[in-house]
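# A look at the structure
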Amino acid sequence: MRTISPTILHPTPTIPAMEKGINKTPARMLRGLLACALFAAAHIAADAQDASRPLSSPTRPGAASSQHSNIPLSKPTVPAASSASGAKASSKPANTGAKKKSSASGTVVSLGGLNHIDLVPFAKTMGYSATWQNDGKQLTLKKGGTRIEITGESREFLLNGTRVFAGSAFRIYRRSLWVSRIDADTLLAPIMDPRRGRSTVMQLKVIAIDAGHGGIDKGKINERLKIYEKDMVLDTAKRLKTLLEKRGYKVVMTRTADKKVELGDRPEVAAKAGADLFISIHYNSVASRPQSVSGAEVYRFTPRYQVPMRREKSQPSDALWNPGDAHGFWSSVAGIKIQQALLSSLKVSDRGFKHDKLAVLRLAKCPAVLVEAGFLSHNAEARKIATPAYRQQIAEAIAKGVDAYATAVAAARK
Ligand SMILES: [Zn+2]
């Protein structure tokens, strides 16, 4: 069985007050009653984290709790210890805009089988103010030039207008909004205060660029315009290489010619070169209403215990640890910076900063993101992508995102 240290599971510095609130007794009960019976076949380590494994799709929390109404632990449970740390909240920066009182900092509740923390006190620890709208269903968090708009029971939220997708929906509970502990640690903290990732920050000297597909694997194809993804991504990757080398980075390419490279070999090439950041480049395609879907999206690896966006239901393998889990924090920092740069530079439709269990992200041994820079199935966008000038613009946007990532890395390493 695989043993995972807590520091790998939670790359952000632990907030002691929050740890106090964890109700360990139900966690042990769940481990005893369910973990062995349900997950042994998948060889999942019976560590404390099994308690936070989703019993059903976390994207539909209401359905999850009703389906498992015979399992007491899938119901929200508030540990008695929560009131002990209640005084903590009042010592944090004033919540000037809030119309509603938040629950005590440090409380952990299990909702839909995942541990959740109260969003407002969590945001306050990073100096954010909170304002409620729409009768407590929406929350705006603000600090300096950063504005985050969150809606209850949705996993999509806005960061300065850019769409971001959490692993689980934000939950409305006890007159507050609750975020899964996994999202707090691997998505919100990285975008709200990257300096919280000090303990896992890597240097940024070597960057791996992965041009998707190649050889007999043509990737997505626009048949009408005879445009192949494998050619577009290789050219974009080479342009990005030039730009990053000009900035002083050492760049390694997973392929430089029109040849097939196995998915598993790509992160291996990066690791052998000592890569500090892995950027996979792709172009997208949809079958349904292709002329109405265009724009850019960036992916990070779906964290352990969460369900990739393309699936509704969880499956046993979601609970397995993967190398990509060690770099969730900084993959989120890199991904959001690149998505923001693509949107501001290209003025294209915002498809969002998303997550999926993609092989190259799963196996990467450094922070890793996958860029889907545009849709080849959209004829107008495909025609743009087919021009060297637009591919240069895309490469420059990604490089600009790397610049912003480098700034965050430097601040965390100070
Ligand atoms: Zn592709």
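Above: the structure in question.
Report on the accompanying structure. The structure presented is a predicted model; accordingly, all values stated were derived computationally and were not measured.

### Considering the coordination of the zinc ion
Within the protein, His 213 (NE2), Glu 229 (OE) and His 282 (ND1) serve as the donor atoms for the zinc ion, at 2.0 to 2.1 Å. Taken in chain order, the donor set of the zinc ion reads H-x15-E-x52-H. Here His 213, found in the loop between β10 (206-211) and β11 (221-222), pairs with Glu 229, found in helix α7 (residues 229-246); they are 16 residues apart in sequence, far enough to count as distant. On the accessibility criterion, His 213 (18% relative accessible area) is buried. Residue Glu 229 is classed as buried on the basis of its relative accessible area, which comes to 1%.

### Observations regarding the pattern of salt bridges
According to the stated counting rule, one finds 17 salt bridges in the structure shown. The salt bridge partner of Asp 193 is Arg 195, with a shortest N-O separation of 3.2 Å. Arg 195 gets classed as partly exposed once you look at its relative accessible area, which sits at 40%. A salt bridge links Asp 258 to Lys 230, with the nearest nitrogen and oxygen atoms 3.0 Å apart. A residue pair is termed long-range when its members are at least 10 positions apart, and Asp 258 in the loop between β13 (250-253) and α8 (265-272) and Lys 230 in helix α7 qualify at 28 residues. For Lys 230, a relative accessible area of 8% translates into the label buried. When salt bridges with common partners are traced through the structure, they connect Asp 235, Arg 239 and Arg 391 into a single cluster.

### Here's the deal with the packing of aromatic side chains
Evaluation of the coordinates by the stated rule reveals 4 aromatic pairs. The interplanar angle of 50° and the centroid separation of 5.3 Å between the aromatic rings of Phe 329 and Trp 330 together place this pair among those described as tilted. This pair shows no difference in class: Phe 329 is buried, exactly as Trp 330 is. Measuring from centroid to centroid gives 6.0 Å for Trp 330 and Tyr 405, while their planes differ by 80°, and the two rings are edge-to-face. Of this pair, Trp 330 sits in helix α9 (residues 328-346) while Tyr 405 is found in helix α12 (residues 388-413), placing the two residues 75 residues apart along the sequence. Take Trp 330 and Tyr 405: they sit in the same class, and that class is buried.

### Considering the nonpolar core
In terms of nonpolar packing, the biggest core is built from 78 residues, with Leu 119, Leu 141, Phe 157, Ile 279 and Leu 342 touching the most fellow members. In terms of residue count, the dominant contributor to this core is α12 (12 residues). Both domain 1 (6-187) and domain 2 (199-413) contribute no fewer than three residues apiece to this core. Residue contacts for Ile 279: discarding those within four places in its chain leaves Ile 207, Ala 208, Ile 209, Asp 210, Leu 240, Ile 338, Val 369, Val 371, Ile 398 and Val 402. Val 206, Ala 270, Phe 301 and Cys 366 belong to the second largest nonpolar core, which has 14 residues in total.

### Let's talk about the sheet that holds strand β2 (residues 114-118)
An order of β1-β2-β9-β8 is seen for the 4 strands of this open sheet, with the pairing classed as antiparallel. Strands with a single pairing partner mark the edges of an open sheet, and in this sheet they are β1 (108-111) and β8 (171-173). Recorded for the sheet is a direction-independent mean angle of 45° between the axes of neighbouring strands. Where β8 lies against strand β9 (residues 176-180), 3 bridges are found, and the strand directions are antiparallel. Looking at β9, one finds that Tyr 173 is bridged to Ser 176. With respect to the sheet, helix α6 (residues 181-192) is in contact with β2 and β9, its orientation differing from that of β9 by roughly 75°.

### Notes on the environment of Gly 328
Relative to the helices and strands, Gly 328 is located in helix α9. Take Gly 328: its relative accessible area is 18%, and that puts it in the buried class. Distance in space between the C-alpha atoms of Gly 328 and Phe 301 is 7.2 Å, their sequence separation being 27 residues.

### A few points about the layout of surface pockets
Reported here for the second largest pocket is a volume of approximately 230 Å³. Together, 17 residues line the second largest pocket, and Leu 263, His 282, Leu 358, Val 360 and Leu 370 are the ones closest to its centre. Listed by contribution, the elements that provide at least two residues to the lining of the second largest pocket are β14 (277-284), β15 (296-301), α10 (359-363) and β17 (368-375). Here the lining of the second largest pocket is built from residues that sort into 6 nonpolar, 4 polar and 7 charged.

### Considerations on the pairing of strand β6 (residues 156-159)
Of the two faces of β6, only the one carrying Phe 157 and Leu 159 is buried; Glu 156 and Leu 158 on the other face are not. Across 3 bridges, strand β5 (residues 146-151) lies against β6 in antiparallel orientation. Its bridge partner being in β6, Ile 150 is matched across the sheet by Phe 157. As consecutive antiparallel partners, β5 and β6 are separated by 4 residues, and within that stretch Glu 153 has a phi angle of approximately 65°, a positive value. Where β6 meets strand β7 (residues 162-165), 4 bridges bridge the pair, whose relative direction is antiparallel. Within the sheet, the bridge partner assigned to Leu 159 lies in β7 and is Thr 162. Between the antiparallel neighbours β6 and β7 lie 2 residues, among them Asn 160 with a positive phi of about 45°.

Rules behind the numbers
- Residues numbered from 1 in each chain as written.
- Predicted model: local features only at pLDDT ≥ 70, side-chain atom pairs only at ≥ 80, totals over all residues.
- Heavy atoms only, no water.
- Donors = N, O, S within 2.8 Å, 3.2 Å for Na, K, Ca; no water.
- Helix = DSSP H or I, 4+ residues; strand = E, 2+ residues; numbered from the N terminus.
- Buried < 20%, exposed > 50% of the residue type's maximum accessible area, 1.4 Å probe, protein only.
- Salt bridge = Lys/Arg side-chain N within 4 Å of Asp/Glu carboxyl O.
- Phe/Tyr/Trp six-rings, centres within 6.5 Å; stacked < 30°, edge-to-face > 60°.
- Core = buried A, V, L, I, M, F, W, Y, C linked by side-chain atoms within 4.5 Å.
- Domains from an automatic or database assignment.
- Contact = heavy atoms within 4.5 Å.
- Pairing = 2+ DSSP bridges.
- Axes fitted to C-alpha atoms, helices over the stretch in contact; angles between N-to-C directions.
- 1 Å grid on protein atoms, 1.4 Å probe; cavity = no way out; pocket = protein on both sides within 12 Å on 5 of 7 lines; lining within 4 Å.
- Points joined across faces, edges and corners; volume = space filled by probe spheres on them.
- Nonpolar A, V, L, I, M, F, W, Y, C, P; charged D, E, K, R; others polar.

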